[in-house]
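# Remarks on the overall topology
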Amino acid sequence: MGRGSVMGRTYAGLPRWLYVSAAFGALLVILPLFALTLRLDWSRFFELITSESSVAALQLSLQTSVASTVVCVLLGVPLAMVLARDRFAGQALLRSVVLLPLVLPPVVGGIALLYTFGRRGLLGPAMDVLGVQIAFSTIAVVLAQTFVALPFLVVSLEGTLRTVGHRYELVAATLGARPGTVVWRVTLPLVMPGLASAAVLSFARALGEFGATITFAGSLQGVTRTLPLEIYLQRVTDPDAAIALSLVLVVVAVVVTVVTARIAERGAR
Amino acid sequence: MPTKFTVLAAAVAALSLSLVGCASTPAASTSASAPAGTTTVTVFAAASMKGTFTTLGKTFEASHPGTTVVFNFAGSQTLAEQIVNGAAADAFASANEANMTTVTGAGLASGQPKLYATNQLEIAVPPDNPAGITGWKDLTKKGLKLVVCAPAVPCGAATVKVEQATNTTLSPVSEEQAVTDVLAKVQAGEADAGLVYKTDVQAAGNTVKGIEFDESAKATNNNSMVALAKGPQAALGLQFVDLVLSAEGQKVLAAAGFGPAA
């Protein structure tokens, strides 16, 4: 048998045992989600997710996640451009450090944020002078979410920037466009699909943020208690409500993944 | 000479060991790794018992040669949930009555639960007490950064009880999931005051200052313990309960700030 395609069907060229392992891998992800839906009290589902505390948590989660996504775009796009386009000493180090929250346990991020923006943190005295107090406020939630979500935007946009390449930017520059014009008129339109999926990813990460928030922002209904915190708390008193809210997050996650895949597909075309 | 086979065998052994380490219950991991001839008694205990029970575990091992005591310290509600869902434990110590009822209600207890200690709330403040807190009344001060437990967890339920009994309304800046989270926020200096257990203040040493208040008597937490009928070493579990109830056990508990069982 030669390699290449077997008539009509693409030949994957994979041994059978690999499919068995792959199936187990898929099951590991699917089975728990399926088990979650089995435990759900469907008759009370709507009532559970519309209780006062659930709605407050859902609202807060959406608001803070949108806010942190905006901050991620404002800070992450320039960061990705600098990392993808320029070359400077310490670039590799900067990239690793920026990506650190990806692999860091979020609770460590929370502790680090506390010692930076907390009352007795690095910037605490300065912020005290300005009359700004971040701890236990909604701003703290946004800050924690931005901290964990930013690398998602940077890493995925930097990839897009590299794939798209330099060519059009060089042409524009040769034709006399200033750097600012190149960024706005050439680079950004080129990477727009990539930026959109990167933003959706960081939104999803922000929505799921738990560890940094609970460590840094605290937990108070309507102020800092986001959906994941509410789920964790409800688990103790009302497991049914926790399951219902978990399912809401699962649905959001599924929608986000599908949307991101669609955008990426369109971008690839 | 290390052959290919011995290297492979070592890799397999290492892998299976790490898999055992992944097992959900501590009983499973230790019974597999403990040397032959030893028995393991597994105790699920409320997080607040960590210091005292670890000490008593050593005492138990000394008086029962060949026995290893393994603890699972976590929130009482988490432990009760694990036990009801089939975790292999020989004894359960709960920080409040509700979670004990979860376990006894499921018919998993061997005998009646026994009260072995009480715990009361205390105000924890940073060592320099920036807000100048002297007692319960100060907790309603305007602008005070007060952190408490959420009403759903035992320390929060106790807080609500004191509020109701004294007809006061606290407005905390955060309602935490665990008493340790409250303590951490006071230790970090983010909170001006937090409501935690006496024993937490004692265990925190000089990282926080404790302020006792008479009103805390309105909400005394009863710690109870029971041996579990389905535990692999239920008889030893019962003996551990007896040790906690003995004069020796009570001495250790008192030293950590627990009150005697009512």
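Residues numbered from 1 in each chain as written. Chains lettered and ligands numbered in written order. Predicted model: local features only at pLDDT ≥ 70, side-chain atom pairs only at ≥ 80, totals over all residues.

An unreviewed UniProt entry lists chain B under the name Molybdate-binding protein, with Micropruina glycogenica given as the organism. Under the heading Sequence similarities (unreviewed entry), UniProt records this for chain B: "Belongs to the bacterial solute-binding protein ModA family." (UniProt positions renumbered as here; feature names shortened; annotations may be inferred.)

Under an unreviewed UniProt entry, chain A has the name Molybdenum transport system permease and belongs to Micropruina glycogenica. Listed under Sequence similarities (unreviewed entry) in UniProt, the entry text for chain A is "Belongs to the binding-protein-dependent transport system permease family. CysTW subfamily." In its Subunit (unreviewed entry) section, UniProt records this for chain A: "The complex is composed of two ATP-binding proteins (CysA), two transmembrane proteins (CysT and CysW) and a solute-binding protein (CysP)."

As a further point, take the overall build of chain B. The helix and strand tally for chain B stands at 10 helices and 10 strands. Within chain B, the fraction of its 262 residues that count as buried is 45%. For chain B, restricting intrachain contacts to residue pairs at least 6 apart in sequence, the fraction spanning at least 24 positions comes to 76%. (Helix = DSSP H or I, 4+ residues; strand = E, 2+ residues; numbered from the N terminus. Buried ≥ 20, exposed ≤ 12 C-beta atoms within 10 Å, placed from the backbone. Contact = placed C-beta atoms within 7 Å.)

Here the focus is the overall build of chain A. On a plain count of helices and strands, chain A comes out with 12 helices and 0 strands. Across chain A, helices and strands are ordered from the amino to the carboxyl terminus as α-α-α-α-α-α-α-α-α-α-α-α. Across its three principal directions, the C-alpha atoms of chain A cover 60 × 60 × 30 Å. Residues counted as buried form 35% of the 269 residues belonging to chain A. Considering only contacts in chain A between residues 6 or more positions apart, those separated by 24 or more positions represent 78%.

The subject of this paragraph is the pairing of strand β6 (residues 146-149) of chain B. Residue and element names in this part refer to chain B. Because side chains alternate across β6, one face comprises the buried residues Leu146 and Val148, and the other comprises Val147 and Cys149, equally buried. Two strands pair when backbone bridges link them, and β6 and strand β8 (residues 193-197) are joined in this way by 2 bridges, in the parallel orientation. Among the inter-strand pairings, Val147 is bridged to a residue of β8, identified as Gly194. Note that β6 and strand β7 (residues 174-176) share 3 bridges and pair parallel. The residue bridging Val148 from the neighbouring strand is Glu175, located in β7. A crossover connection joins β6 to the parallel β7 through helix α6 (residues 154-166); in handedness this β-α-β unit is right-handed. (Pairing = 2+ DSSP bridges. Right-handed = clockwise from strand over helix to strand, strands pointing away.)

Now for the UniProt feature "transmembrane region" (unreviewed entry) in chain A. Residues and elements named next belong to chain A. UniProt annotation of "transmembrane region" (unreviewed entry) refers to residues 17-40, 60-84, 96-118, 130-161, 182-204 and 241-264 when read in the numbering used here. What you have in residues 60-84 is 100% helix and 0% strand, and the ends, taken at the C-alpha atoms, are 34 Å apart. The distance separating the terminal C-alpha atoms of residues 182-204 is 30 Å; by composition the span is 100% helix and 0% strand.

It is worth spelling out the UniProt feature "domain: ABC transmembrane type-1" (unreviewed entry) in chain A at this point. Per the UniProt record, "domain: ABC transmembrane type-1" (unreviewed entry) is annotated on residues 58-260 of chain A. The span residues 58-260 of chain A is 80% helix and 0% strand, and its two end C-alpha atoms sit 22 Å from each other.

Our next topic: the interface of chain A and chain B. Contacts between the two partners involve 14 residues from chain A, matched on the other side by 15 residues from chain B. Ranked by residue count, the leading element in the side of chain A that touches chain B is helix α11 (residues 227-237) of chain A, at 4 residues. Of the residues assigned to the side of chain A that touches chain B, the class counts are 7 nonpolar, 5 polar and 2 charged. (Nonpolar A, V, L, I, M, F, W, Y, C, P; charged D, E, K, R; others polar.)

Residue and element names in this part refer to chain B. The assigned domain composition of chain B is domain 1 (4-117 + 222-255) and domain 2 (121-218). Every contact between the two is made by 7 residues of domain 1 and, on the other side, 8 residues of domain 2. Its residues assigned to classes, the side of domain 1 that touches domain 2 comprises 2 nonpolar, 5 polar and no charged. (Domains from an automatic or database assignment.)

The next thing to look at is the environment of Tyr115 of chain A. Examined against the element boundaries, Tyr115 of chain A turns out to sit in helix α5 (residues 106-117). In this view, Tyr115 of chain A contacts Gly121 and Leu122 of chain A; residues no more than four positions away in its chain are not counted.

This part is about the sheet that holds strand β9 (residues 209-211) of chain B. All names here are of chain B. The strand order across the open sheet built from 5 strands is β7-β6-β8-β5-β9, with neighbouring strands paired in mixed fashion. One side of each edge strand has no neighbouring strand; the edge strands of this open sheet are β7 and β9. Each strand of the sheet is rotated relative to its neighbour by a mean of 35 degrees, with strand direction disregarded. Sheet topology places strand β5 (residues 121-125) next to β8; 4 bridges connect them, and they run antiparallel. Following the sheet pairing, Ala124 is matched in β8 by Gly194. Of the strands in this sheet, β5, β6, β7 and β8 touch α6, which is tilted by about 115 degrees from β6. Helix α7 (residues 179-187) contacts β5, β6, β7 and β8 of the sheet and is inclined by roughly 145 degrees relative to β8. (Axes fitted to C-alpha atoms, helices over the stretch in contact; angles between N-to-C directions.)

On to unusual backbone geometry, then. Most peptide bonds take the trans form, and the phi angle of most residues other than glycine is negative. A positive phi angle, near 65 degrees, is found at Phe136 of chain A, a position not held by glycine. Along the chain, the position of Phe136 of chain A falls in the loop between α6 (124-130) and α7 (138-164). At Asn129 of chain B, a residue that is not glycine, the phi angle is positive and equals roughly 40 degrees. Relative to the assigned elements, Asn129 of chain B resides in the loop between β5 and β6.

Moving on to helix α1 (residues 16-39) of chain A. Residue and element names in this part refer to chain A. Taking 1.5 Å as the rise per residue, α1 with 24 residues should run 34 Å; its terminal C-alpha atoms sit 34 Å apart, in good agreement. Of all the bends in α1, the greatest measures close to 30 degrees and is centred on Leu27. Summarising burial for α1: 0 of the 24 residues are buried, a small minority. (Expected span 1.5 Å × (residues − 1). Bend = angle between axes of the 7 residues up to and from the residue.)

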